[in-house]
Amino acid sequence: MNPISVTVWALESHCFLVYSVLAAVFIVFTVFHRNRLQVLENRIGDIKKVPNVYSARKDREGPDDEDDPDYLISAIPEDTLHIPYKPLRRSTEEVIQRSREYYDLMATRRTVRSFSTEPIPPEVLENIIKTAGTSPSGAHTEPWTFVVVQDPNVKEAIRNIVEEEEDLNYARRMSRQWVADLKPFATNASKPYLCDAPALILVFRQTHSMREDGKKRMHYYNEISVAIAAGILLTAVQYCGLVALTSTPLNCNARLRDLLSRPSNERLELLLPIGRPHPDATVPDLERKRLDRIMIKV
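Conventions we followed
Residues numbered from 1 in each chain as written. Predicted model: local features only at pLDDT ≥ 70, side-chain atom pairs only at ≥ 80, totals over all residues. Heavy atoms only, no water. UniProt positions renumbered as here; feature names shortened; annotations may be inferred. Helix = DSSP H or I, 4+ residues; strand = E, 2+ residues; numbered from the N terminus. Axes fitted to C-alpha atoms, helices over the stretch in contact; angles between N-to-C directions. Left-handed = near helix turned anticlockwise from the far one by under 90°. Contact = heavy atoms within 4.5 Å. Nonpolar A, V, L, I, M, F, W, Y, C, P; charged D, E, K, R; others polar. Patch = residues over 30% accessible without salt bridge, like charges linked within 9 Å, V, L, I, M, F, W, Y side chains within 5 Å. Areas by Shrake-Rupley, 256 points an atom, 1.4 Å probe, with all protein chains shown as cover. Salt bridge = Lys/Arg side-chain N within 4 Å of Asp/Glu carboxyl O. Pairing = 2+ DSSP bridges. Buried < 20%, exposed > 50% of the residue type's maximum accessible area, 1.4 Å probe, protein only. Core = buried A, V, L, I, M, F, W, Y, C linked by side-chain atoms within 4.5 Å.

Going by what an unreviewed UniProt entry lists, the protein is known as Nitroreductase domain-containing protein and is assigned to Pieris macdunnoughi. UniProt annotates the protein under Cofactor (unreviewed entry) with the comment "FMN". A UniProt comment under Sequence similarities (unreviewed entry) is attached to the protein, and it reads "Belongs to the nitroreductase family."

The following block contains the structure:
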C-alpha cells in the first residue's frame, strides 16, 4: 500500500480518535489565545468603556445633548396653546369636483425655458412665497429662505456664475449618459432665461439656525421640509397663471450664496425663474405616467 492509502485507511478506522484529537487541539488553541488577549488588555491598563451610542441613535438628527439642560428647549414654547381646528366642511360631491378641477389645472403645468419679460406684480410674488411658507416642517422649524431677485444686474451676475459652472458641468462633470438624457429638452450651458424672466426665486435650505442664547437650533428633516415647500410654491405659481423652470444649478451653491450674502447654514436647493411664457415658447410633447403606474392600492 502507498502512503496515501495507508493514511486514508487510518483515518477511516479511527474516526473517533481523530475527531477527539482535533477538538482537543481547538480547545487548547482557543484558551491560549484568550489568555494572551487578557494579558494584552492588562498591559494597556484600564480602558474607559464608551457606550456605543451610534447604534441606538443612528437616526437622530442633532447634537448629543441629553446631559446639557440648556439644549433642552423646544423650538416653539412648550406651553403653546392648542386651538380648535374646524375648516369648512364640503359635501362629498364638492370634494370630488374640486379634486378634478385641481388636477385639470395642474395637468397643464409645464417646465418652460423661454420667458416673457413682462413684469410680475410684487403682490403676486409675495403671495406665492407666503403660500410656500404654509408648508409643514419638522418641529415647525420652517427651514427655508426664499430669495426673490428682480434687479437686472444681480440676475446677470447669477447667469454668469451659472453658465461658467455649467460649461464645466457639460464638459467634464456630468456623465455622458446624463448629457444624452438632457438632449430631448434642448438644454445646454447657455441660460438666457435667467435674465429674461422677470423674477428669480432662489430656494435655500437652512440646515440649522441660532437661538437667542447663541446655541444651535436644529432643523429636523430640513431636506424634505424644503422639498414640500418648493412643491407648494410650484403649485401656487401654476394656480395664478404663471410658469416656472425648476433648475438645480450644479456646483453653484457657494458662489450664489456669497453673491446674495446668505449665511453658511443655508444651502441653495432650487433656482426658479418665474414669469409668463414667451409667446413663441415651446415644450417637449411628453406623456406622464398613468395612474396605475404611480398608485398602488392596498
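For this particular structure, what's the right way to read the UniProt feature "transmembrane region" (unreviewed entry) in the protein?
Within this numbering scheme, the UniProt entry marks residues 16–33 and 220–245 as carrying the feature "transmembrane region" (unreviewed entry). Split by type, residues 220–245 is 69% helix and 8% strand. Its first and last C-alpha atoms lie 28 Å apart.

Explain the packing of helix H5 (residues 122–132) against helix H9 (residues 222–239) to me, please; I cannot follow it from the model alone.
Between two packed helices, what matters for the description is the angle formed by their axes and the separation of those axes. Relative to each other, H5 and H9 sit at 145°, their axes nearing to 8 Å. Once H5 is placed against H9, the crossing between them reads as right-handed. Taking contact as the criterion, the partners of Ile128, Ile129, Thr131 and Ala132 in H5 are, on H9, Ala229, Ile232, Leu233, Ala236 and Val237. Among the residues forming the contact of H5 with H9, the class breakdown is eight nonpolar, one polar and no charged.

Hey, could you run me through a nonpolar patch on the surface in this one?
Taken together, the side chains of Tyr220, Tyr221, Ile224 and Ile228 define a hydrophobic patch exposed on the protein surface, amounting to about 390 Å² of accessible area. Along the chain, Ile228 turns up in helix H9.

Can you help me understand the sheet that holds strand E5 (residues 243–244) in this one?
Hydrogen bonds along the backbone pair up the strands of a sheet, which may run parallel or antiparallel. Spatial strand order, E1-E2-E6-E5: four strands in an open sheet with antiparallel pairing. The sheet terminates laterally at strand E1 (144–149) and E5, the two strands that pair on one side only. Sheet analysis places strand E2 (residues 199–206) next to strand E6 (residues 266–275), joined by eight bridges and oriented antiparallel. Bridge assignment links Ala199 to a residue of E6, and that residue is Ile274.

So what exactly am I meant to see when it comes to the pairing of E1 here?
Along any regular strand, the residues point their side chains to alternate faces of the sheet. Most of E1 is tucked away, with five of its six residues classed as buried. Pairing of E1 with E2 involves six bridges; the strand directions are antiparallel. Following the sheet pairing, Val148 is matched in E2 by Ile201.

Is there a simple way to explain the nonpolar core in this structure?
The tendency in soluble globular proteins is for nonpolar side chains to be buried as a group. Counting residues in hydrophobic clusters, the biggest one holds 22 residues, and the most contacted among them are Ile128, Phe146, Ile201, Val203, Leu233, Leu272 and Ile274. The element best represented in this core is H9, accounting for seven residues. Setting aside anything within four residues of it in sequence, one finds Ile274 in contact with Phe115, Ile120, Ala197, Pro198, Ala199, Ile201, Val237, Leu242, Val243 and Ala244. Counting 20 residues, the second-largest nonpolar core is a separate cluster that includes Val162, Tyr193, Leu194 and Leu256.

Help me understand unusual backbone geometry in this model?
Note on backbone geometry: most residues besides glycine have negative phi, and most peptide bonds are trans. Of note, the phi angle at Ala139 is positive, near 55°, even though the residue is not glycine. Mapped onto the elements of the fold, Ala139 is located in the loop between H5 and E1. Ala139 gets classed as partly exposed once you look at its relative accessible area, which sits at 45%. Even without a glycine there, the phi angle at Ser261 is positive, about 55°. Residue Ser261 is classed as exposed on the basis of its relative accessible area of 61%.

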